[in-house]
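Observations on the three-dimensional arrangement
Residues per chain are reported as follows:
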Amino acid sequence: MADHLSYEQSKKMVFRGLGLLAAITLIEVFFSLAGKGHISWLSFLSEGNFMVYLIGFILIALSLYKAKFIIYDFMHMKYEAKGLAMTVLLPVGLLFWGMVAFFQEGSVWGERRQLIQDKNNIEVQAAPPTVSPIERTMIEQKAVEVRGEDQ
Amino acid sequence: MATATETPTAPDTHSQEATWDGAGKPFRVGYGKLMMWYFLVSDAFTFAGFLIAYGALRFSMPTWPVPDFVFQTLPFGLHEYFPDGSAPLIFVTIMSFVLIVSSVTMVRAVQEGERENKSGVVKWMLLTIIGGAGFLGCQAWEWSNLIGHEHMSLTTNPFGTHTSDGVYTVDEAGIPYAPGAERETFETGESYIIHQHDGEFLQRTFQTTDLPGVEQKQEFGPKAFGALFFFITGFHGFHVFSGLVILLIIALNSASGQYVARKNGYEMVEKVGLYWHFVDLVWVFVFLVFYLI
């Protein structure tokens, strides 16, 4: 880094970075709380599905910016050879595909579970007991006899 | 990041010596630094696996504990002084600040290393260690609060969510309301915590507007929440702890003057710095998925 920034400049960069990361964290917490309806004059941000997605998008975008700043400025990725940056960043970038795919998968699990539960409930209500207790006893006795013959 | 002993130009890949005999450096960085980067890539995959599991399970559940309800306490009962007696996400924001500051002091340590300033390196590394230890202390408090006071465990999650509007039939101590007494009501999506009384969970009973006349009781929240929380923040905390040990070793080495006459100077400080920033980086995402969303 000595090649790119003087010592004084790089010292300034560090404290600018501290301010930036702290400010973004505060903004994130602010949006998160507003999205949950904790800030009364912004209560419209906690109403409806669209707002959930909007707040989620803002939070993810700000977190990615924080991550980019830490990697490029604090970990000095911007001064490394391009090949190194690519071999590190491309595999990790592909993880986002995995995340989106598995979150989709997770919500399908939830839908399936709900579907099975709904069907279970339908059958319990729709099918009245057709076998009377007397008949059930007779069936059970018959089963015992059959088993006895087998042995 | 070239130091005085490195040539900033690319090695001559045509010469036998440069390519195969170790004279050339791949990507123009030292071996240790390159391998630290690849270790961090593999570690990122491990953390991503955990966070993907968290996300997939969360999306598969009809309800999930909301972080601003689960994490709303402060040490020494300070949350009592906030509106409604709750301080949602305040403590974890302080934790994040502590970790960010320790990351910043680490950058300063690396910069002092570049100008071969031994006392500067040691000073900023010690500040980094203090920051990391502070973060671990905060996490210890958070865990002890969750385990000791809110009774969350790997298999028990006392944080539930109401799925319809209704009214409680017993008070917080489990005693049925007197006839005509004002009863506590709740709305769809409202969170509750099942408290323990005399070592037993007390699931309050209630009636909802969906099924009038049917007595229901508070159900426990999704089991996976506790296990995921303790595993993921625990795994991160373990990274912080190992980072502290490595930082301490490198700080002692620096103080003893081990890197003064080295060919690659204070590169060890840079390597541990990379690891420490990675720990901060992972926290950015743990903070996002567990606390913000």
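1. Things to note about the overall build of chain B
- A tally of regular secondary structure across chain B gives 7 helices and 8 strands.
- Relative to a compact globule of 293 residues, whose C-alpha radius of gyration would be 19 Å, chain B shows 26 Å and is clearly more extended.
- Each principal axis of the C-alpha atoms in chain B carries an extent, and together these give about 90 × 40 × 30 Å.
- Among the 293 residues that make up chain B, the fraction classed as buried is 34%.
- Summarising the internal contacts of chain B: among those between residues at least 6 apart in sequence, 68% fall at separations of at least 24.

2. Focus: the domain arrangement of chain B
All names here are of chain B.
- Assigned domains of chain B: these are domain 1 (31-154 + 226-292) and domain 2 (159-217).
- Every contact between the two is made by 7 residues of domain 1 and, on the other side, 6 residues of domain 2.
- Tallied by class, residues from the side of domain 1 that touches domain 2 come to 4 nonpolar, 2 polar and 1 charged.

3. Side note on the sheet that holds strand S7 (residues 205-208) of chain B
All names here are of chain B.
- Spatial strand order, S3-S2-S7-S8: 4 strands in an open sheet with antiparallel pairing. At either margin of the open sheet sits one strand with a lone partner, and together these are strand S3 (185-186) and strand S8 (216-217).
- Direction of pairing for S7 relative to S8: antiparallel, over a ladder of 2 bridges. Its bridge partner being in S8, Phe-206 is matched across the sheet by Gln-216.

4. A word on the confidence of the model for chain B
Residues and elements named next belong to chain B.
- Averaged over every residue, the pLDDT of chain B is 88; the share at 70 or more is 92%.
- In the model of chain B, helix H1 (residues 16-20) stands out as the element of lowest mean pLDDT, 65, in contrast to helix H6 (residues 224-255), which has the highest, 96.
- Scoring of the predicted complex yields 0.84 for pTM and 0.85 for ipTM.

5. Thoughts on the interface of chain A and chain B
- Counting from both sides, the interface comprises 48 residues of chain A and, opposite them, 45 residues of chain B.
- Of all the secondary structure elements, the ones that give two or more residues to the side of chain A that touches chain B are helix H1 (7-35), helix H2 (49-74) and helix H3 (82-126) of chain A.
- Top contributing element to the side of chain A that touches chain B by residue count: H3 of chain A, with 16 residues.

6. What about the nonpolar core?
- With 68 residues, the main nonpolar core has Met-125, Leu-247, Val-269, Val-286 and Phe-287 of chain B as its most contacted residues.
- With residues near it in sequence (within four places) discarded, Met-125 of chain B still touches Ala-109, Leu-247, Ile-250, Ala-251 and Ser-254 of chain B.

7. Thoughts on the pairing of S7 of chain B
- The pairing of strand S2 (residues 166-168) of chain B with S7 of chain B spans 3 bridges and is classified as antiparallel. Bridging across to S7 of chain B, Gly-166 of chain B finds its partner in Thr-208 of chain B.

8. Some details on the environment of Thr-233 of chain B
All names here are of chain B.
- Checked against the element boundaries, Thr-233 lands in helix H6.
- Residue classification places Thr-233 among the partly exposed positions, given that 17 C-beta atoms sit within 10 Å.
- C-alpha separation for the pair Thr-233 and Trp-283, spaced 50 residues apart in sequence, amounts to 8.9 Å.

9. A look at the environment of Thr-169 of chain B
Residue and element names in this part refer to chain B.
- Its location among the elements puts Thr-169 in the loop between S2 and S3.
- The class for Thr-169 is partly exposed, based on 16 C-beta atoms found within 10 Å.
- Between the C-alpha atoms of Thr-169 and Thr-233, which are 64 residues apart in sequence, the distance is 37 Å.
- In contact with Thr-169, not counting residues within four places along its chain, are Pro-176, Tyr-177, Thr-205, Phe-206, Gln-207 and Glu-215.

10. Re unusual backbone geometry
All names here are of chain B.
- Residue Phe-27 is not a glycine yet carries a positive backbone phi of 55°.
- With respect to the helices and strands, the residue Phe-27 is situated in the loop between H1 and helix H2 (31-60).
- By C-beta crowding, Phe-27 is classed as partly exposed, having 18 other C-beta atoms within 10 Å.

11. Points about the packing of helix H4 (residues 90-114) of chain B against helix H7 (residues 267-292) of chain B
Residue and element names in this part refer to chain B.
- Axis separation between H4 and H7 bottoms out at 10 Å; the angle between their running directions is 160°. By the criterion of interaxial angle, the relationship of H4 to H7 is roughly antiparallel. Judged by the sense of rotation from one axis to the other, the crossing of H4 with H7 is left-handed. On the side of H4, the interface is formed by Val-92, Ser-96, Leu-99, Ile-100, Ser-103, Met-106, Ala-109, Val-110 and Gly-113, while H7 contributes Val-269, Glu-270, Gly-273, Trp-276, His-277, Asp-280, Trp-283, Phe-287 and Tyr-291.

Conventions used here
Residues numbered from 1 in each chain as written. Chains lettered and ligands numbered in written order. Predicted model: local features only at pLDDT ≥ 70, side-chain atom pairs only at ≥ 80, totals over all residues. Helix = DSSP H or I, 4+ residues; strand = E, 2+ residues; numbered from the N terminus. Rg over C-alpha atoms; globule rule 2.2 N^0.38 Å. Buried ≥ 20, exposed ≤ 12 C-beta atoms within 10 Å, placed from the backbone. Contact = placed C-beta atoms within 7 Å. Domains from an automatic or database assignment. Nonpolar A, V, L, I, M, F, W, Y, C, P; charged D, E, K, R; others polar. Pairing = 2+ DSSP bridges. pLDDT = per-residue confidence, 0-100. Core = buried A, V, L, I, M, F, W, Y, C linked by C-beta atoms within 7 Å. Axes fitted to C-alpha atoms, helices over the stretch in contact; angles between N-to-C directions. Parallel < 35°, antiparallel > 145°, perpendicular 65-115°, else oblique. Left-handed = near helix turned anticlockwise from the far one by under 90°.

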